[in-house]
Amino acid sequence: MSTARPAAAQRKPLVAYLLLTFALSWAIELPLALSAQGVMSLRVPLAWHYLASFGPFLAALIVTLATGGWREVKALLSGLARWRMGRDAALFVVVLPLASFALVVLATRLALGAWPDLRTLGQVDYLPTPGVVPAFVLWLLTFGVGEEVGWRGFALPRLQGGMIAFRASLVLGAFWAVWHLPAIFYRDTYLEMGVMVFPMLLLVATVGSLAYTWLYNATGGSLLAVSLYHGLFDFFSVWQGGVIGAGAVMTVVMVFFAVRACKVYGLENLAPVERVILREGQGRASSTGA
């Protein structure tokens, strides 16, 4: 086993990916933040926020195409068709988000004596109400697929090619948290948190990164699994109809799975199988060697 840092051949695409991801997303979000804070007089539609989610996706495609051609682009996107997953992964991806939401609905019924209006699930910030199913599809395609093809599909296997999964998760989690920075200056939910917003964001990104690494490695690199969970997490988290937030419940669940992955499977892979790695010029593989 080796835990050496990624070689130069691996670092260059990673650096290019990160720079391009931030450039593409922040080109949309920085004007949103400046406009919302009154620094810029030009009013920027807040709905543009959803376009920023495709920064990681586009950056991954551009860098992959430039360094490996269409064959590597196809290999990257093949993770979206990888639907097989074990019991624990299926429980985490589908059952637990639904159970967390059901718990919030039940708690609301017990606390207020009335069932919450579930139709409000179809409401989306900054956009006309599309309905429950279109709202979920929006979250799945934007901050689900739009983010995960880049963070987990492109960056994580390269990081894991030069360091253990635990360390790769922390590194990726830090970049993931910083990527969200402009949003704390214009998104209502972030503005309401005040000075605690970034510490909480960093904590959730770190824990989430560990849990997502476990899920990605345990499923052999399923971008479908991580995208579906990410979409469900955001879909339920933005719902304001409960006495407690569904996002808070799901975050507790993520903490449990992150800690469990570290203790049960170890820091090297964070999964019951070998971690997914990618070395430039060698393609994707699962190996504990680095």
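Residues numbered from 1 in each chain as written. Predicted model: local features only at pLDDT ≥ 70, side-chain atom pairs only at ≥ 80, totals over all residues. Heavy atoms only, no water.

Q: With reference to specific residues and values, describe the environment of Leu 224.
A: Inspection of the secondary structure assignment puts Leu 224 in helix 8 (residues 223-237). Residues Leu 224 and Val 93, 131 residues apart in the sequence, show an inter-C-alpha distance of 9.9 Å. With residues up to four places along the chain from it excluded, the contact list for Leu 224 reads Gly 79, Leu 80, Arg 82 and Trp 83. (Helix = DSSP H or I, 4+ residues; strand = E, 2+ residues; numbered from the N terminus. Contact = heavy atoms within 4.5 Å.)

Q: Quick one: what's the story with the layout of surface pockets, residue by residue and with numbers?
A: In this structure, the largest pocket occupies an estimated 1000 Å³ of space. Looking at the largest pocket, it is lined by 37 residues, and the ones nearest its centre are Tyr 190, Val 204, Phe 233, Asp 234 and Ser 237. Only helix 4 (132-160), helix 5 (165-179), helix 6 (188-191), helix 7 (197-218), helix 8 and helix 9 (246-265) provide two or more residues apiece to the lining of the largest pocket. Ranked by residues supplied to the lining of the largest pocket, first place goes to helix 7 with seven residues. Of the residues that constitute the lining of the largest pocket, the class distribution is 21 nonpolar, eleven polar and five charged. (1 Å grid on protein atoms, 1.4 Å probe; cavity = no way out; pocket = protein on both sides within 12 Å on 5 of 7 lines; lining within 4 Å. Points joined across faces, edges and corners; volume = space filled by probe spheres on them. Nonpolar A, V, L, I, M, F, W, Y, C, P; charged D, E, K, R; others polar.)

Q: Go over the packing of aromatic side chains with me, naming the residues and quoting the values.
A: Within a pair of aromatic rings, the relevant descriptors are the distance that separates the centres and the angle that separates the planes. Inspection of the entire model under this criterion finds 19 aromatic pairs. Relative to Phe 236, the ring of Phe 235 lies with its centre 5.1 Å away and its plane at 45°, an arrangement referred to as tilted. Here a set of aromatic residues connected by ring pairs shows up, and it is made of Phe 92, Trp 176, Tyr 212, Trp 214, Tyr 229, Phe 233, Phe 256 and Phe 257. Here Arg 152 stacks its cationic end above the ring of Trp 176, 4.4 Å away from the centre of that ring. (Phe/Tyr/Trp six-rings, centres within 6.5 Å; stacked < 30°, edge-to-face > 60°. Lys NZ or Arg CZ within 6 Å of the ring centre and 35° of its normal.)

Q: Before we move on, can you summarise the pattern of salt bridges with the specific residues and values?
A: Between side chains of opposite charge, a pair can form when the charged atoms approach closely. For the structure shown, the criterion picks out six salt bridges. Of the charged contacts in the structure, one is a salt bridge between Arg 119 and Asp 117, with a shortest N-O distance of 3.1 Å. When its relative accessible area of 66% is taken as the criterion, Arg 119 is described as exposed. (Salt bridge = Lys/Arg side-chain N within 4 Å of Asp/Glu carboxyl O. Buried < 20%, exposed > 50% of the residue type's maximum accessible area, 1.4 Å probe, protein only.)

Q: Please set out the nonpolar core residue by residue, giving values where relevant.
A: Tyr 17, Phe 92, Leu 215, Tyr 229, Phe 236 and Met 254 are the most contacted members of the largest nonpolar core, which has 65 residues in total. At ten residues, the largest contribution of residues to this core is made by helix 4. Listed in part, the eleven residues of the second largest apolar core include Leu 32, Tyr 186, Val 197 and Leu 201. (Core = buried A, V, L, I, M, F, W, Y, C linked by side-chain atoms within 4.5 Å.)

Q: So, a nonpolar patch on the surface: which residues are in play, and what are the values?
A: Side chains of Met 193, Val 195, Met 196, Met 200 and Leu 203 sit close together on the surface and give an oily, nonpolar patch of about 490 Å² of accessible area. You can see Met 196 is positioned in the loop between helix 6 and helix 7. The partly exposed category is assigned to Met 196, whose relative accessible area is 46%. (Patch = residues over 30% accessible without salt bridge, like charges linked within 9 Å, V, L, I, M, F, W, Y side chains within 5 Å. Areas by Shrake-Rupley, 256 points an atom, 1.4 Å probe, with all protein chains shown as cover.)

Q: Describe the packing of helix 3 (residues 87-112) against helix 7, and please don't skip the residues or the numbers.
A: Contact geometry for helix 3 and helix 7: axes closest at 10 Å, N-to-C directions at 135°. Taken together, helix 3 and helix 7 sit at an angle that is classed as oblique. Considering how the two elements wind past one another, helix 3 and helix 7 form a crossing that is left-handed. Contacts between helix 3 and helix 7 involve Asp 88, Ala 89, Phe 92 and Val 93 from the first element and Ala 211, Trp 214 and Leu 215 from the second. (Axes fitted to C-alpha atoms, helices over the stretch in contact; angles between N-to-C directions. Parallel < 35°, antiparallel > 145°, perpendicular 65-115°, else oblique. Left-handed = near helix turned anticlockwise from the far one by under 90°.)

Q: Please set out the side chain of Ser 53 residue by residue, giving values where relevant.
A: Structurally, the position occupied by Ser 53 is in the loop between helix 1 (8-36) and helix 2 (55-77). Polar side-chain contacts of Ser 53 include one of 2.6 Å to the backbone oxygen of Tyr 50. (Polar contact = N/O pair within 3.5 Å; in protein donor to acceptor, adjacent residues only side chain to side chain.)

Q: Go over the confidence of the model for the protein with me, naming the residues and quoting the values.
A: Of the residues in the protein, 92% have a pLDDT of 70 or more, and the chain-wide mean is 91. Predicted confidence for residues 1-6 stays below pLDDT 50, and this span has 16 contacts to residues more than four positions away or in other chains. (pLDDT = per-residue confidence, 0-100.)

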